[in-house]
Structure formats: structure tokens, C-alpha cells
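What follows is each chain in one-letter form.
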Amino acid sequence: MAQCVQSVQELVQDSFVPMVAVLCSEEAERVTRKNNLNFAELLRPFCRLTSEGHIRDPNNQVQVVKNLRICVNNVVTSPNAASAAQRRLLNEVVSSCQPQEGAATNVITAGDYDLNFSDHSVKASVPWYSAWRQTLSEVSTSKHYTATTPWFEAYRENFLQSMAASEHEFLNHYLACLLVVSSTETVPVEQFLKLSQEQHRIQHSGDYTNPKWFIPNTLKYYVLLHDMGEGGEQRAESVYEDMKQRYGHQGCYLLKVNSRSFSAEDDEQMPDPWSQYLHRSNLQNQEEEDAAVNSGPVENKASAAEVDSSPTPEKDGASTSLERHPLQLDTALCAEHPEPKKGAREPESLVGAAGSHGACLTLNDHDHIRQFIQEFTFRGLLPHIEKNIRQLNDQLVSRKGLSRSLFTATKKWFGGGKVPEKGVSEPKSTCGLLYPPEAPELQIRKMADLCFLVQHYELAYSCYHTAKKDFLSDQAMLYAAGALEMAAVSAFLQAGAPRPYPTHYMDTAIQTYRDVCKNMVLAERCALLSAEILKSQAKYSEAATLLIKMTSEDSDLRSALLLEQAAHCFINMRNPMVRKFAFHMILAGHRFSKAGQRRHALRCYCQAMQVYKERGWSLAEDHINFTIGRQSFTLSQPEKAVTAFRQILTNDSRQTATQQGAFLREYLYVYKSVVGGNEDSLPQLPLPCIHSSATRVYFGHERRLAQGEKQAATHVSLDQEYDQDLAAMWGQLEEQLVAAANRGIVPASFQPTQCCLNSQTDNLRYPLAVAEEPIIVEVMFRNPLKVPLALSNLSLLWKFTAEGVTPSEEVTGEAITNEESLTEGMTQTDNVVTTQIILEFLLCPEETKMARLQLLPHRTGQLSIVGVVYNLAAAPCGETAPSCEGQQAMDFMVVRGRQDLKIQGPRLNQTKEDKMLVRHGVDRRLDPVITPPMPLMEVFFLQFPTALLCGEIRKAYVEFCNVSAVALCGLRVASTHPDFFTFGSRGLTPLTPVSPTSAESCSAYKTSTRQPGSVASEMLVSAGDFSQPSGVMEIPIDGSTLLPGESTQLPLWLRGPDHEGVHEINFLFYYQSTEKGMKISHRVLRHTVFICASRSLSVQASACRSSVPPHHRLDDKSTGGSLVFVDVENVNTSEAGVREFHIIQVSSSSQHWSLHKCINPANDRDCKLGSRERAKLCFRATRCQRPAASDAAEKYTFADVNLGNEQIISSSTPCGDFFFRGCLSPESQRVGGTASRTSSSSRILEDKAADISNIVKKCNELDLNIIVIWKAYVVEDNKQLILEGQLHVALQTIGKEVTSLTPKEEAQEMVLLKFKPEAPAPVAPPSAELSQLIKTNLHYPETHSHPFVQESLCVVPVTLTLSNCSSAPVDVLIDLRHKSPSPESVEVHSSFTWVGRTQYKLQLEPQEVLCVTLRACFLQAGVYNLNTLRVFAKLTQQGAVCEADSQQAASPALIIINNA
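Just so it is clear, the model here is predicted, and its values are computed rather than measured. (Residues numbered from 1 in each chain as written. Predicted model: local features only at pLDDT ≥ 70, side-chain atom pairs only at ≥ 80, totals over all residues. Heavy atoms only, no water.)

Chemist: Would you mind showing me how to read the sheet that holds strand β49 (residues 1334-1339) here?
Modeler: Two strands in a sheet stick together by hydrogen bonds in their backbones, pointing the same way (parallel) or opposite ways (antiparallel). A sheet is described by the order of its strands in space; here 4 strands give the open sequence β49-β51-β55-β53, paired in antiparallel fashion. Looking at strand neighbours, the two that pair on one side only are β49 and β53 (1392-1395), the edges of this open sheet. Pairs of neighbouring strands in the sheet enclose a mean axial angle of 30°, with direction left out of account. Bridge count between β53 and strand β55 (residues 1409-1418): 4 bridges; the pairing is antiparallel. Note on β55: the bridge partner recorded for Thr 1393 is Cys 1417. (Pairing = 2+ DSSP bridges. Helix = DSSP H or I, 4+ residues; strand = E, 2+ residues; numbered from the N terminus. Axes fitted to C-alpha atoms, helices over the stretch in contact; angles between N-to-C directions.)

Right, dumping it as C-alpha cells:
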């Protein structure tokens, strides 16, 4: 429950005070009216005693009366005002008491919630106000701090004071009457007599039911009022002396007032203690006069019907939805209530006259009045009460001697008890009787009330308790309820608390008042008192339950106030129940709204919003925000209404589509009324939601679609997803191009080109845009509602600062913007920036949709894209055409506004401060710098394939177009697959038509006619004639410059990748302007293609040395010939429709070797391979004969061995290009051997081994590249196509087989971890390598006939040919004494021996061939193996010796000896 200004004891004491009536003569009224007051109002601020009074109880004990207050009222004989009028007056009291602006903030911490209940509560608790959390203050743990609710206190005070006097109690009955006569009367005593007779007539004649008097012998106190401004003080004194003689010293008083004359200083300010009391007195006066409530301009500008809280079904024009449950959202609009300040009172028309109060009174007069009240109370009122208490006590004590039963029986027999008929004013359901005034039960109650009024609570409790028993026994329920109520209050107020507060007394009293007696007024008084008492005892749960029970449909104002107090009780518990607080505040706000208290309703909803906000209670939030919006709108606070409705629309609501549509229409209506005709600046709109971070900016034209066979370069578009790895790859390609254009140096200011900016790109620098080229901004809109939104006239809002401003613009210094033209609906001039406008943009329910908005800058300078501007309307649900009125309504509901694009940069995380705090960098993607015009190139591809066979050669065409007004130059291209394409080599490009022809008959190769089987044709080519595979290639256009509007077309040869699968191939074209010093140094154009490569042929090749002796060869070539074996297999899976492959040519390219001719049998030269067929080709390779020219060593020899009638010139484009880009790529070039790891102790042996290895490697080096050229016959669409291609294999070493298909990598086996390094193994002599130094051949006749009968010995000459294959001198040792120990060697006949020298020591020079003649002696005919000799070789400078050509020595050399 809310905190009260006064304590509970003071509240209860002030609720029941002695009542004093006032009767004034007309002259006395005239005297007091000089101060704009009547006599009762004159006394009211001084009715609280500042000193203690004393009274003696019936036991003659002195009782102290502290802080006593009396109530002085004029005698009003008219009946009580109607309950409806009383409700109107109480409604006005609550309406006039509002939170004061500018008061201190009070924040209450309840559990996890921080609730703001300051006088700023209306402002502090609305959803758009978040600064209230900064006003947290420490809350003491020993005391609950709660919010003050002065409107409730004012209501309670006025309610208690405006209660009519009742028959069942005497607390509101008058105890005394002040008779006031002016000293200016002719005969004041006669006036006193008249007033006394008038009072007696009113009390005892029976003609008047009001006012009610406490006891028959009412105290009459005579007051002589003297006006000091009129003089006659001596006469007044004499009259007063006469009065003391007549009425006694304690029964009269001379009151002197109006001491202040009008001649006093006007600027002197006197205190006005009456203003705070006049409002309440006027409420009572209105009841008495039964005046119209709206007779004058009241503060809240509400009519009587508007503030009437009677439960009429359709009051104040509201719909019947006001009677529904408070959480329903279709609450009707409410009447307007401006917010008065706290303490605002009734206008002077209700008070009576204009002017200040007490203008003729001085401070001494104030003291005179205060002294008069004290004298009256202490000398008149208290003794009168004390006397009556004694009299009543004596009567009751005298009757206590009789037994209760006898006393009751006597009353029944002799009629001394109750009146049998029902009370006139009591409803039938009360079941209570009316006691006559002299009934002893009423005497007990009367004595109890007197004791209570003079703070003798112990005796009062005893009397109340006794009366309660009597009333209950008589079934007088109304009287019993009153006795129970006051007994409970007396028990609470007793000093020292001898007994606990009897809560059940109060509960019984409330239930009796409400259910039995049907008197809600008395039940409400009882509940208010009990709730305060329970609250003081920290029994908040019981207090809340009691208050909630008192809510009903008969009074919305009372229910609202009690629900609000119950809500405060919930947060004051030991464990605060914050959600219950919020729920009951919502109920209170609903009842306030029904009662016409719009400001209090708004305050309640705002306070409840603090609990529901951002806690997941979305439906409750929507209801609260909707109500806040409507209440704020009716209270002329449209800005707050717009903000509240904005909360409903921007949150992810779970409302139905119909409800959301109503929300949207309400918002548009309120927004339209807020903006009105004042559209100087575009306000912010809440819908649709814009994901600013997802905004993308594209610089340049959108790529135009290709026409016909032309395929445009893909470049960059907004339809592509951003990929970080791809961006890095493009950046590396661009860096290679820039380095190539700047002589291998990348400038320090180089930044990769970013055509499309998004949240993942680097946006720290100002992007560069080009004049006359569009800037496309993609904005992501999201419709959070379940109803469609219609946006129209959607465009970008920008601000432009020109680079070269004119003097007039320089003076103003303002940037150019299009906001004013967009606001006023004018057409934007296009001399600075042309703004695209999207006329219609429809967002379906809960749809996320992109809008691409375009700007076309025409001048150089700084452009800033600020936001978007559009018209917002609720899209019609149906497709039917609206009527004229409906169309006007829709037009009216269209609002124009803006949303700013505020992009937050990435969070900084570099320094310690960045990591400790949340800091964000800048994001300048919306702030481009407009630069002068630049060249713009477009690239188109013609006949570009999408699928190729591995190694297939295809000819395509590329077209370069300059579509700008600036010439371009420096055209280059870089690619991730430089071996995929070539533009040809200068001077070697075959003459082909510039315009492409059909693919059926056009060959990509340069060909000539030549018969098969002939010796290979050779040609020397320098590698410098071909573009090297550096990744960057200059595009050979004529003049190296492309003028504006000019286009050129170049042939482009493509070669299918060597590996099957889908390959992504990226091209980056580079060009720059012919003008120098531009901000943009260059421009790039991207193109990505996907090539599907399928398998074609697999080529395996190997080489070995030829065993034919030089003098037996048929040609004149030099020594050192080798045999090359080429195995070709068709591995195509026929998916591409390939029927068969033809091997049409095998070419070689090398600096040292060349193919000589094909030595296959003649019938095997036609190589046609079907599916999975294999062909084996054998070629002889010879060393090249180089001319003596100095540059001949660096040239490559191309040798072509054609297997058909057509020779392809392999040294020209494109065959030579792809050879150099494929076989001689950096990955395939192997230079030098593998270094071995040895320790320092074996360094000498290592050096020797390295020399031997180098010599042996050179001995076995071949370095021969084989190019297999093929044709494939493909059937496609009933037409036969001829595909051609080439495959490469590189033979590096003799005896090592290579293949064109890379074998699959096998998983590396796990190796044991070694923690201790092993000792290096000793370097062994490379016997296997030394065995290759010398090549041996035995030449002898296969058969020999000898007449063994004539001559027993047969000697056959055998020639041993020794060839030094190395480039170093070799020492050779020939041993003829060897007998083969190997059991595998075939020993055909043992009767064979070498004759002559058995050992030869020779030295062979590099590449020398030496023949040694040997003689073999046979004793008989047979078959003999001549290969029994051993040849040892060593380098002349080395000591290691090894047997030469061990593999050859193991094979037998058989000779047949015949007997002739």
C-alpha cells in the first residue's frame, strides 16, 4: 500500500473528531466575508490544538488529550446530497490531484525489478523512457520505502469527511454549537437569544433530520465577534462583560478580528492557511447547495457525465467494450484531461468571490483565533464531554446491578426496548431494528463514542465490546457492525497495545456492512481503516486481500483506488510479488479509465510497463502500449502516443493479423494527427524494420545480359554471395596484375578493388565511385507484422558536398541534400545526383525483402547516403477496387517519413581499452567519394565451352568493348589457371579468321600434309617466343589502346584440365585510363567459368638405352640413342558420346633430345582406340645436333612424328603455348637432386658421393617431353564432331616410367616417433649408380661351323664394345677369368675358354666408344654362353670400383657351334 504522509494513529484520530456546529447572525457573516470566508472557514486552519488537554474519567483518573482536532461546520438543515453527487465530487478530488512535475525521483528495488514511483512516474515508466535506471538510490534494509499517492489520501480524507451522519453511531453527531454575533449589533444579547432558540428548534422540533445532535443538552458557546476596523472596542468589551455575567465565564468569548486596515502596505504578503481547506469545504457546500458540477469551468474540463462513475453501460460516449475484461485491447478513446499540478484547487467561482483569503487579518488576529479555539475546547467542549461521560456511566452502572436476563426480560415485557417496525431508511435485507434514543444499548454506544473522541480508548473499547454483545443478541446487525468496527480501532489505538488488533472484528464488520446491510459506504470506510492498520503491522498480504475484496462494479473510482493500493501492498512484502503488483496496476488503470480518470489510468499502465517490459510478456506489452498510446492521445500527448504505438509495431508481436492491422491503422491515424501540416522535416518511421548492417553498396552498372552467342563476363553483382576466401583470391590476382603493370613493384597505397561493399568487407576507407556511373544500394526491409505493408515513392536520402564549389555555395557552407525536395514532393533536379524512385514496394506479412535503390552522381565530391524516404500505408487485404470514400480514407492513412541507415562498424579489439570497453570502428560504405569519369570495359566470350575432355583444345573468341567516354590501355589478364588458356604467341599464331566459324570443320592447330613413317621433322623454337606461365598475360590488342566506343575481338585457345571433374576458373582483366594522376589508378573486371572435364586418354611413357652398336645403325645419327615407349589407353567412359580416339601425332620438345622416328611395325601405325583399348608405340630418340650459335643451347627442338597424312606444327600456337604453360610450369620443373643429410665427419665422403651422383645423373638424364596429339570423333545431335587435343608427359630419367594421369595420393603411413637421433649411416659406394657408367655390347656371329675332325680347336673372334655414358673419364678393367658362380646362370657347355690376354686395363674418355677384339676357343660343337667376362669401372678420380652394366651381364649371350 502506498506510503501516507501521516501516521496510522493520526489518520484514525483525524477520521473521528468532535463535531461543532456554527450559527452566525447576518452581521457576523458580513464581518467574516471581508476575508472571503465564512466563520466556519475562518476557524478551520486553527482547529488543531497545539497544547495538551486533560479530562477525568468516571474513575476520576486524569486522561491526557493530545493533538486533538475539532471539526467546525455551519448548520445545514437540507438533507444529504445524493450518492451520485458525492461520487462526482470525489471523482473531481482525485482528478485535481496529479503527480507534480519536477519532483525528486524515488526508485524502489523489488526483487529483480527497479520500479520508479516518483512524481515523474508518468514520464519515467513509459517504454521510451530508459534513463530512470540511473536514478537508483540506496534503500534502507530496515524500512520499506514506498511511493506516495496523494490522490488516494485526498480521496480518503474527503470520503471520510463527507460521510453523512448515521443513526447507528454518534461519532458524526454535533456535540456543541457556536452562536456567533457581531459587536455591531444593536442588541447583541437579543441576537444570541434568537440564535439559541433557532438551534433548539432545529434540534428538538423534529422538523429537521439534519444535522444530527449527539445529546439532547447540546453545549451552546456564545461568541462575540468584534471588527477592529470598525472601532467600538469599548462597547464590545462592555457587551462581553454582560455576556460573562449572563452565560458564565466559560460559556462565552470575545473574538477580535480584522485588525488590518486597507491603508496598510499593499505589497505586504500575509500567510494564507485557508487555501488548502477550502477545496474540501466547497465539496460539502456543493452537496448542501446541490449545485451543478459543471456550473463553472472546472480544472479537468470534463462534463458531469464524463466524471460520473456510475456503472452506465455507455457513459461518456465510450463503447460497450469498456465493460469488458481490462486485458482486452479494443478500449475506446477517452475524454481529454489536461494535467493539473499537485495542489491545484477549485476556481474561485466555486469558492465564492475573487481575491485572497484573510486579507484583513494580521498575525495577531491569527493568534486570537487560535487562542479562541483553545479556550473553547479546554473550558467548554472538554468539560462538557467529561460531564456527559460521567452521567452516562452513572446510568449504566446503576443498571448493571440487575441481571442481564432480567433486564432483557423487563425490556421485552414493558416495551422499553426496540421499535418493532423496520427502519425507514434501512433496506429490508439489513435484518436490523431501530433503537429509540433512550435505549440503554445506544447509551452504551454513546458513552463509547464520547470516550473515543477524547482518546480514552481503553474505556471506549470496553463500552464497544459490551454494546457489540447486546447488538448481536438483538440481531441488530448494522449496530453490531459499527460496534465491531470501533472496537477494533479502539483496540489498535490503545497505548501499550495490551491486546492484539482484532482483525476478525474488522472482517466481520465489513462483511456485515456489505452483505447484510448493503451499505458499501460504511464497508469502504471500514476497509480503508483496516487496510491502514494492517499495513502499519506489515501485514501486506492481508491488506491486499481486503482491498481487492472491496472492489465492485458499483464504483469504478473506488475500485481503481483500492486496486492501486493493493498493488502497492504486493511490492512491500518481504518477498515482493512484482508481477502481482503489475497485474493489479493494470486492473486499476482499467477502472481509472472507466471512471474518467485518464491521467491516473495512464500512470498506472506506465508503472506496470516497468515490470512487463522486455520480460517476454509480449501480449501484455502490446495491451499496455496500446492503452498508453490511446490514453496519451486523448490527453493531448500525441508524441508519447506515437512512441507507444511504435513499440507495438516494432516488437515481434504474437497478435493476430486482424489485431496487428488495427494497431497499424491506429498508429497511422495518430501519426498523421501529430504531423498534421507541419512537414518541414521528415520524422522517423518504425516500419518496416531495416537491417542496416545488411546494407550492400554496389558501384557501377549492372552487367547487361548477353545477346545471341555472346556470353558476358560475370564480374560482380548483388546477386552473388560474398565469400571471404574468394575475395582474398581476387585480391591476390589483382596484386599480381598491379605488380606486373608497375615493373614488379606493388605500390604502398595499393588496395584491392571492392565493387560491392557489405558487412564483411573492409569499410574503413572512403570508397571511390565514378561520376556518371550508378551507385546501387541494396536495403533489407523486414515486415514484422502479419499484415502486408505498402511502401510507395521509395528513394534514397543523400547529402552531397561538391569538390569544386562556387563562391555562393562557399559562403553558405552547406551541403546539398534532397531532403527538402522529397519532403515537399517536388521533382529532384538531376544536375547533382539523379535519385531513382520506386513507385510501389509491397511487403507481404513477415517478409524480408531487398530493395535496390540507385543514385547517379554527376559531379565530383563527397556523397553521403543518409537513409531512405517513403510513404507508408497498410496494404489492402482484398483485391477489390476501393470506393471513392474508401480511397480517400486510404489516402488519409498514408504517412510519409524516413528511416536513417546507421551502420555500426566492427568492434575494436586491438588495445586493452578496446577489449575492456565496447568500442566500434567506422563503416564508410555509405560515404563514397565521387571521382572523375574513368574508362569502363565490357568483355564478351563467343563459343566458350562448358564441358571439355581432358587435354582437349578448343578455340573461342573474346571481345573487348570500351563503353565509356575515356580511352583505356594496359589491358592484362590474370587467372587462377594460367595453363587453361592462351591468346597465342606473336609471330607463331596461325592465320585464322577473325570472326568465328562453325566448330565442325575448324581446327585449332596449324597443319601441313606429310606422309607417315618418315623421319621426324624438327624445328628450333625459343621459349621467349611464347608467353611464360607467370599468371599475368598481356592481351595483344592493336595499338595497346581501346578508344571510347571501340571494340576488338581476339581468338582464345582453351585446353581442358588434365584432371576430370568440375573446375572453377577465374579470370581477372586489368585496364587503366590513358590519363595519369587519377584517384582510381586502374580498374578490374572479373569473370568466373566452370568447366566440366571428362577423361580422354591416359599416356604412359618410358625410355631405355638402345643396344644397337653404332656401326650397325642404318642412319648417320651420333651415338647415345634411346628407345621411347609410349602406351596410350582410352579411359573415356563414353559419357560425352566419344566414339573413338585417333592418335594422329606424337611430338617431342627438348633442349637435348628429339624423337627420330617410329619403329613400330608398319601395320601397327594406325592407332584407333575404342573404349578401354590400349596402344603401344615405340620411338627412337636421338640427341640433338645443335649449331654453333651461342643462343642455340637455350632453344627447344620440336620434333613431330605424324602417324597419319596430316602433320600438326607443334611448335606454333596453340600446341607450343600449352606445352610451355603445361610441361614447363614451375611445378613440373625439377632442378637438382635431393640433398642427403650427413654429419660433419662424413663430409668428404659426401662430397665424393655428390660428384658421383651428379655424373651418374647426367649420364641418365633424358629431359624429353612427349606431346601426344589426338582426335576424337563425337556424335552429338546426329552430327559428328571432331574434337582434338594434346596430352603431355615429361621423361626426365632413363628407365623411369611417367604417366599423364596423376595417381591418387595414398595416406601416409604412421611413423614411429623417435626421441633420440640415430647415428648417420656410413656412405656406401653407389654401386648401382656406377654400374650405369659403362655400357657393354658383345658382337659375334650367332652360328659358326667348324670342322673339328680336321682341327680340334675352334677360335671365334668376339668384339666387346665399351661405351662411356658419362661426361667424365672412366677407368675400365676387363677380366676374362671369371666363371659364373650363380646357379641361375645357364652353363650350356664348359669346354669354352678365352684365349689371349685374360685382363685388360683401359681408360675411356667422356662419351668415348672403344672396341676390344677377343677370341673364344671351343673344343667341340654345342651352344655356349659368351657372357662370362666381368667388366669393372671407376671414375678416374675416385677409388670406388663397380662392375659395369650388371643387368646386361646377367643376360646370356648364346652362340651355336656346329661341326662342319
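From this point, things continue past the structure.
Chemist: Mind showing me how you'd approach helix α18 (residues 520-536) here?
Modeler: Since one α-helical turn is 3.6 residues long, residues separated by three or four positions face the same way. Between its terminal C-alpha atoms α18 stretches 24 Å, which fits the 24 Å expected from 17 residues at 1.5 Å a residue. In terms of burial, α18 is a largely internal element, 15 of the 17 residues being buried. Its side-chain oxygen at 3.3 Å from the backbone nitrogen of Val 521, Asn 519 defines the N-terminal cap of α18. Two residues or fewer after α18 comes Ala 538, characterised by a positive phi angle close to 60°. (Expected span 1.5 Å × (residues − 1). Buried < 20%, exposed > 50% of the residue type's maximum accessible area, 1.4 Å probe, protein only. Polar contact = N/O pair within 3.5 Å; in protein donor to acceptor, adjacent residues only side chain to side chain.)

Chemist: Even after reading the chapter, I still don't get the nonpolar core, so can you show me in this structure?
Modeler: Considering soluble globular proteins, one finds that nonpolar side chains tend to be buried as a cluster. Among the nonpolar cores identified, the biggest contains 148 residues, and Phe 39, Leu 178, Phe 372, Phe 376 and Phe 452 are the most heavily contacted of them. Ranked by the residues each element gives to this core, the list is headed by helix α16 (residues 477-493), at 13 residues. Apart from residues no more than four positions distant in its own chain, Phe 39 is found in contact with Val 22, Cys 24, Glu 29, Thr 32, Leu 178, Val 180, Val 223, Leu 225, Leu 255 and Phe 372. Phe 626, Leu 664, Tyr 671 and Leu 796 belong to the second-largest nonpolar core, a separate cluster that totals 53 residues. (Core = buried A, V, L, I, M, F, W, Y, C linked by side-chain atoms within 4.5 Å. Contact = heavy atoms within 4.5 Å.)

Chemist: Sorry, what's going on with the packing of helix α23 (residues 618-634) against helix α24 (residues 638-650) here?
Modeler: A packed helix pair is summarised by two numbers, namely the angle formed by the two axes and the spacing between the axes. Close contact between α23 and α24 brings their axes to 7 Å; oriented N to C, the two are set at 160°. On the basis of their axis angle, the class for α23 and α24 is roughly antiparallel. α24 is crossed by α23, and the crossing has left-handed handedness. Across from Asp 622, Asn 625, Phe 626, Ile 628, Gly 629, Arg 630, Ser 632 and Phe 633 in α23, the residues of α24 making contact are Pro 638, Lys 640, Ala 641, Ala 644, Phe 645, Gln 647 and Ile 648. For the contact of α23 with α24, a count of residues per class yields 8 nonpolar, 4 polar and 3 charged. (Parallel < 35°, antiparallel > 145°, perpendicular 65-115°, else oblique. Left-handed = near helix turned anticlockwise from the far one by under 90°. Nonpolar A, V, L, I, M, F, W, Y, C, P; charged D, E, K, R; others polar.)

Chemist: I tried to follow helix α15 (residues 457-473) on my own but got confused; where do I start?
Modeler: Spanning 17 residues, α15 covers 24 Å between terminal C-alpha atoms, matching the ideal 24 Å at 1.5 Å per step. All of the buried residues along α15 are Tyr 457, Leu 459, Ala 460, Tyr 461, Cys 463, Tyr 464, Ala 467, Lys 468, Asp 470 and Phe 471. One or two positions beyond α15, positive phi appears at Gln 475, with a value near 60°.

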